[in-house]
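# Inside the fold
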Amino acid sequence: MQRIGVFVCWCGSNIAATVDVDAVAQAVKTEPGVAFSTNYQYMCSEGGQAIIRNAIAEHKLTGIVVCACSPRMHEATFRKTAATAGLNPYMVEIANIREQCSWIHKDREKATVKAIILSRAAVAKLNLDSPLTAGETPVTKRALVIGGGIAGIQTALDIADAGYEVDIVEKTPTIGGKMAMLDKTFPTLDCSACILTPKMVDAAAHEKITLYTYSEVEKVSGFVGNFTVDIRKRARSVDADRCTGCGDCMEKCPSKKSKSEFNQGLSNRSAIYIPFAQAIPNVPVIDREACIKFQTGKCGVCQKICSAKAVDYEQQDEIMTRRYGAIVAATGFKTINLGRFEEFQYAQSPDVITSLEFERLCNAAGPTKGKVMRLSNHETPKTVVFVQCVGSRSTVECGKTYCSKICCMYTAKHAMLLKEKYPETEVYVFYIDVRTPGKGFDEFYRRAAEEYGVRYVKGMVGKVAEENGRLRVQASDLIADKQLVIEADMVVLAAAIEPDPSARNLATLLTASMDTNDFFTEAHPKLRPVESPTAGVYLSGVCQGPKDIPDTVSQAGAAAAKVIGLLAKDKLVGNPCVAGCNEPLCNGCSACELVCPYGAITYEEKTVMDHGVREQRRVASVNEALCQGCGACTVTCPSGAMDLKGFTNLQIMAEVDAICR
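Quantities reported herein were computed from a predicted structural model and do not represent experimental measurements.

Thresholds, definitions, all that
Every residue gets a number counted from 1 within its own chain, in the order that chain's sequence is written. The predicted origin of the model limits local features to residues at a pLDDT of at least 70 and limits the giving and counting of side-chain atom pairs to 80 or more, whereas totals for whole chains, interfaces and linings rest on all residues. Calculation of side-chain values draws on the structure's entire complement of heavy atoms; hydrogens and water are dropped beforehand. Numbering goes from the N terminus for both helices and strands, where a helix is a DSSP run of H or I of at least four residues and a strand is a run of E of at least two. Three exposure classes are used, based on accessible area relative to the maximum for each residue type with a 1.4 Å probe and protein chains only: buried under 20%, partly exposed in between, and exposed over 50%. Note on areas: Shrake-Rupley with a 1.4 Å probe; residue coverage comes only from the protein chains shown. None of His or the chain ends enter the tally, which takes Lys and Arg as positive and Asp and Glu as negative. To locate a charge, take NZ of a lysine, CZ of an arginine, CG of an aspartate or CD of a glutamate. The rule for pairing is simple: two strands pair if DSSP sees at least two bridges between them. Every angle, taken between N-to-C directions, lies between 0 and 180 degrees, and every axis is a line fitted to C-alpha atoms, over only the stretch in contact when it is a helix. Residue contacts follow a heavy-atom distance rule, with two residues in contact if any of their heavy atoms lie within 4.5 Å. Like charges within 9 Å and nonpolar side chains (Val, Leu, Ile, Met, Phe, Trp, Tyr) within 5 Å are joined into patches, using only residues over 30% in relative accessible area that form no salt bridge. What makes a salt bridge here is a side-chain nitrogen of Lys or Arg within 4 Å of a carboxyl oxygen of Asp or Glu, nothing more. As used in this record, nonpolar core signifies buried Ala, Val, Leu, Ile, Met, Phe, Trp, Tyr and Cys residues forming a set joined through side-chain atoms within 4.5 Å. Either an automatic procedure or a domain database provided the assignment from which the domain bounds are taken. We call a crossing left-handed when the near helix sits turned anticlockwise from the far one by less than a right angle, and right-handed when that turn is clockwise. All residues other than Ala, Val, Leu, Ile, Met, Phe, Trp, Tyr, Cys, Pro, Asp, Glu, Lys and Arg, Gly among them, are scored as polar; the first ten of these are nonpolar and the last four charged. Two parts placed together each lose some accessible area under a 1.4 Å probe, and the buried area is that loss summed for both. Think of a polar contact as two N or O atoms within 3.5 Å of one another; within protein, one of them needs to be a possible hydrogen donor and the other a possible acceptor, and neighboring residues in sequence only count if both atoms come from side chains. Both cavities and pockets are sets of points on a 1 Å grid over the protein atoms alone; in a cavity a 1.4 Å probe fits but cannot get out, in a pocket the set is open with protein on both sides within 12 Å along at least five of seven lines, and lining residues sit with an atom within 4 Å of a point. Grid points are joined across faces, edges and corners, and a volume is the space filled by probe spheres set on the points. Here, expected helix span is obtained from the residue count minus one, scaled by 1.5 Å. To be clear, the arc concerns the directions from the helix axis to the C-beta atoms. Only a pair of cysteine sulfur atoms within 2.5 Å qualifies as a disulfide here.

### Describing the overall build of the protein chain
- Of the regular secondary structure elements, the protein chain holds 17 helices and 34 strands.
- Projected onto its principal axes, the C-alpha positions of the protein chain cover 85 × 65 × 45 Å.
- Scored against the burial criterion, the 661 residues of the protein chain give a buried share of 51%.
- For the protein chain, the computed accessible surface area is about 29,800 Å², with 51% contributed by carbon and sulfur atoms.
- The averaged location of the 75 negative side-chain charges in the protein chain is 1 Å from the averaged location of its 75 positive side-chain charges.

Here it is as structure tokens:
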């Protein structure tokens, strides 16, 4: 028989205001196995933990039940407390009487009854618990960063500066991401390239960092500390070791009709190209779909004129297998497709553009060399209308319900840059709300309105129509309570941002969680904001949610710190709550193997003793190092052979019985 101690927490007034904690402590005293029961205002505090340690020693407790908040919050805390008192940490059960009881009830009497039931269920389970011992696995001291934008670069630099090897995998031909496309950054209006380019150079030159550009992750297996990753290095058709970056091949290439991805399709590029001047690596790549040689077998001009003999049409994709201790997702974002927002005429009129396209027009290295012009006639616009929240905070099917966070600030930036270059241009900004929560942000917005004379109008644009070579913008002014019609030369849409399309597939490979908007979900929004629920997988940048450059860099540093903390360990203590197979019951159906998301279950031929009969059978075998204790196999097994240590069928049924009696 167990000797169980029950400790009921008040959680200040979070629990005690709705639950009679003294009544709960008294009620569970009569439960089988309970040797001690008490309550305290804050069990997670040093004083509360001292009460637990003293009770374990004084009453010779073999297990404890803490009736408090969610185990996600403080289970690790109480397990450490038990361990310091000489108790096996897996002889600790948490009865969640806060989130599952006090926070959702107003009736004190009913909440108290429910708290007693939840506590009773935890005691019933603990009576069947047995001490578990965690195994140890070695750590591969190398990290993988997926994504080469500012988030991925900063994460890699911080990890590498701590002395650990890092690989950056970037699907495009160069690192830099969206930040490389920007002209200026808010709220300081300093040059984006001046900030980013040194970081790119540092990453390329760092002895601990290896760049895999024009590459993608194809397969991920293993577990925290020991991931095995297959990386597809796509064929550039150019030998990076031989190429000198002279640019002759790009100049002579006869195929120059492809749209430049870097310039948002506002200019053309050749079939063999370097995305932008400061690209790293500064090595061209051949777009095989646009290349005449690959499409017809003719041409071959770039190979003929290349003095370094770097062009190689026979180059093939290469699959590389690497081992890593930790993985960081930094896949970035894209702007939503505005083709479905027909009211703005984005797909119909060349003078209706997105903010990112406007950014390229402002950039001195952009398609117009920094001159802001109408794309229809190449004239300087006299009236420009900026439309906020296009697709953000939206209730329509083609939009996003969330705020994209950066739009208010970059629109203010665009308006100021436009007024600086063309002071006579009239600038309107239509908005729902102006959100400026960052340091210096509100001052920046006020500067646009007060110093530069940008006209901010609270209201939404209902329709944009092209008439007589100009754009007729119909909108509402909610403060003046009237309808407006503005004859504009250019309309700039602040399109909502969304996760990069590659994020969904990557989440599947990493068995990481995502929300309904395809942003990676953190393990805990407050306490573990840069960790994925999947151990060893960390989040950096906009893949986790909308954020600006300072927030992205901050999160990159935080993710790097978590990775460094992991890689600094020689061994990791595993989770002993893993699946196990009762071999005499196993019928070899493979159902558990098929549902296991971690590849932890295999089948092997074994000699099994069943009711005194020795026979050869195909039975399930669990790799405890890979198993994460998700329990999918236990609910799938038709014969009941699979069970989860610490959460066995008997233990769960004991909880159910305790609740029902």
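### Description of the sheet that holds strand 6 (residues 142-146)
- The five strands lie next to each other as 10-7-6-18-29, forming an open sheet whose pairing is parallel. A strand with exactly one partner marks an edge of an open sheet, and here the two such strands are strand 10 (209-213) and strand 29 (537-539). Each strand axis lies, on average, 20° off the axis of its neighbour in the sheet, ignoring direction.
- Pairing between strand 6 and strand 7 (residues 165-170): five bridges, direction parallel. Within strand 7, the position partnered with Val-145 by the bridge is Ile-168.
- Its contacts with the sheet place helix 14 (residues 549-567) against strand 6, strand 18 (326-329) and strand 29, and it is angled at close to 160° to strand 29.

### Examining a nonpolar patch on the surface
- On the surface, a cluster of nonpolar side chains totalling about 330 Å² of accessible area is made up of Phe-647, Ile-652, Met-653 and Val-656.
- Examined against the element boundaries, Phe-647 turns out to sit in the loop between strand 34 (642-644) and helix 17 (649-660).

### Here we look at the pairing of strand 26 (residues 482-488)
- Here strand 25 (residues 470-477) runs beside strand 26; their pairing, made up of seven bridges, is antiparallel. Bridge pairing in strand 26 links Asp-477 to Lys-482.

### Structural notes on the nonpolar core
- Ile-159, Ile-209, Val-563 and Leu-567 are the most contacted members of the largest nonpolar core, which has 40 residues in total.
- The greatest single-element share of this core, amounting to seven residues, is contributed by helix 5 (residues 150-161).
- Looking at which domains feed residues into this core, each of domain 2 (142-234 + 317-332 + 500-567) and domain 3 (248-305) gives three or more.
- If near-sequence neighbours (up to four positions away) are discounted, Ile-159 is found in contact with Ala-143, Tyr-164, Val-166, Ala-560, Val-563, Ile-564 and Leu-567.
- Listed in part, the 39 residues of the second largest apolar core include Ile-4, Val-19, Val-21 and Val-65.

### So, the packing of helix 5 against helix 14
- At a closest axis distance of 8 Å, the pairing of helix 5 and helix 14 adopts a crossing angle of 40°. The element helix 5 and its partner helix 14 pack so that their crossing is right-handed. Along the contact surface, helix 5 presents Ile-150, Ala-151, Gln-154, Thr-155, Asp-158 and Ile-159, while helix 14 presents Thr-552, Val-553, Ala-556, Gly-557, Ala-560, Val-563, Ile-564 and Leu-567.
- Of the residues assigned to the contact of helix 5 with helix 14, the class counts are nine nonpolar, four polar and one charged.

### With respect to the domain arrangement of the protein chain
- Once the domains are mapped, the protein chain shows domain 1 (4-127), domain 2 (142-234 + 317-332 + 500-567), domain 3 (248-305), domain 4 (333-498) and domain 5 (579-645).
- Once you take the C-alpha centre of each, domain 2 and domain 5 turn out to be 36 Å apart.
- Summed over both sides, the interface of domain 2 with domain 5 buries roughly 390 Å², with 65% coming from carbon and sulfur.
- Taken together, the connections running from domain 2 to domain 5 amount to zero salt bridges.
- For the interface between domain 2 and domain 5, the tally reads zero residue pairs in polar contact (both at pLDDT 80 or more).
- A per-class count over the side of domain 2 that touches domain 5 returns two nonpolar, two polar and no charged.

### Things to note about the sheet that holds strand 1 (residues 4-9)
- With parallel pairing, the four strands of this open sheet are ordered in space as 2-1-3-4. With one partner strand each, in any of the chains shown, strand 2 (34-40) and strand 4 (92-96) form the two edges of the open sheet. On average, each strand axis in the sheet is inclined to that of its neighbour by 15°, with strand direction left out of account.
- Here six bridges tie strand 1 to strand 2, and the two strands are oriented parallel to one another. Residue pairing in the sheet places Phe-7 in a bridge with Thr-38 of strand 2.
- Here helix 2 (residues 46-59) sits on the sheet in contact with strand 1, strand 2 and strand 3 (63-68), set at roughly 165° to strand 2.
- Its contacts with the sheet place helix 3 (residues 71-84) against strand 3 and strand 4, and it is angled at close to 150° to strand 4.

### Quick look at empty space enclosed by the protein
- Here the structure, examined in full by the defined rule, presents five cavities of 30 Å³ or more.
- Of the voids in this model, the largest cavity is the one considered here, and its volume is about 140 Å³.
- Along its surface, the largest cavity is lined by 18 residues, and Cys-243, Cys-246, Gly-247, Cys-249 and Cys-306 are the ones closest to its centre.
- With three residues, the top contributor of residues to the lining of the largest cavity is helix 7 (residues 248-252).

### Here we look at helix 2
- Along its 14 residues, helix 2 runs 20 Å from first to last C-alpha, staying within 8% of the 20 Å computed at 1.5 Å per residue.
- Among the residues of helix 2, those classed as buried are Gly-48, Gln-49, Ile-52, Ala-55 and Ile-56. For helix 2, the buried positions fall inside an angular range of 120° around the axis, keeping them on one side. Exposed side chains of helix 2 directed beyond 90 degrees from the buried face belong to Glu-46, Asn-54, Ala-57 and Glu-58.
- In the segment just after helix 2, Lys-60 is the residue with positive phi, at about 50°.

### Focus on the side chain of Ser-267
- The topology assignment puts Ser-267 in the loop between strand 13 (258-259) and strand 14 (268-269).
- One polar contact links Ser-267 to Asn-263, side chain to side chain, over a distance of 2.9 Å.
- Ignoring any residue separated from it by four or fewer positions in sequence, one finds Ser-267 in contact with Ser-258, Lys-259, Ser-260 and Pro-367.

### What to know about the state of the cysteines
- Summed over all chains, the structure comprises zero disulfides.
- For Cys-11, which is in no disulfide, the shortest distance to another cysteine sulfur is to Cys-9 and amounts to 5.2 Å.
- Judged by relative accessible area, Cys-11 falls into the buried class, the value being 13%.
- The thiol of Cys-249 is unpaired, and the distance to the nearest cysteine sulfur, on Cys-246, comes to 6.1 Å.
- Looking at Cys-249, the relative accessible area reads 10%, which means it is buried.

### Points about the pattern of salt bridges
- Throughout the structure, instances matching the rule amount to 37 salt bridges.
- The partner of Arg-232 in a salt bridge is Asp-317, and the shortest N-O contact between them spans 3.2 Å. Separated by 85 residues along the polypeptide, Arg-232 in strand 12 (residues 226-233) and Asp-317 in the loop between helix 9 (301-305) and strand 17 (318-324) bring together distant segments of the chain.
- In this structure Arg-232 comes out as partly exposed when scored by relative accessible area, which is 27%.
- Between Lys-606 and Glu-604 there is a salt bridge, with the nearest N and O atoms lying 3.6 Å from each other.
- On the basis of relative accessibility, which here comes to 26%, the residue Lys-606 falls in the partly exposed class.
- A single salt-bridge network, built from bridges that share partners, covers Arg-142, Glu-165, Asp-167 and Lys-208.

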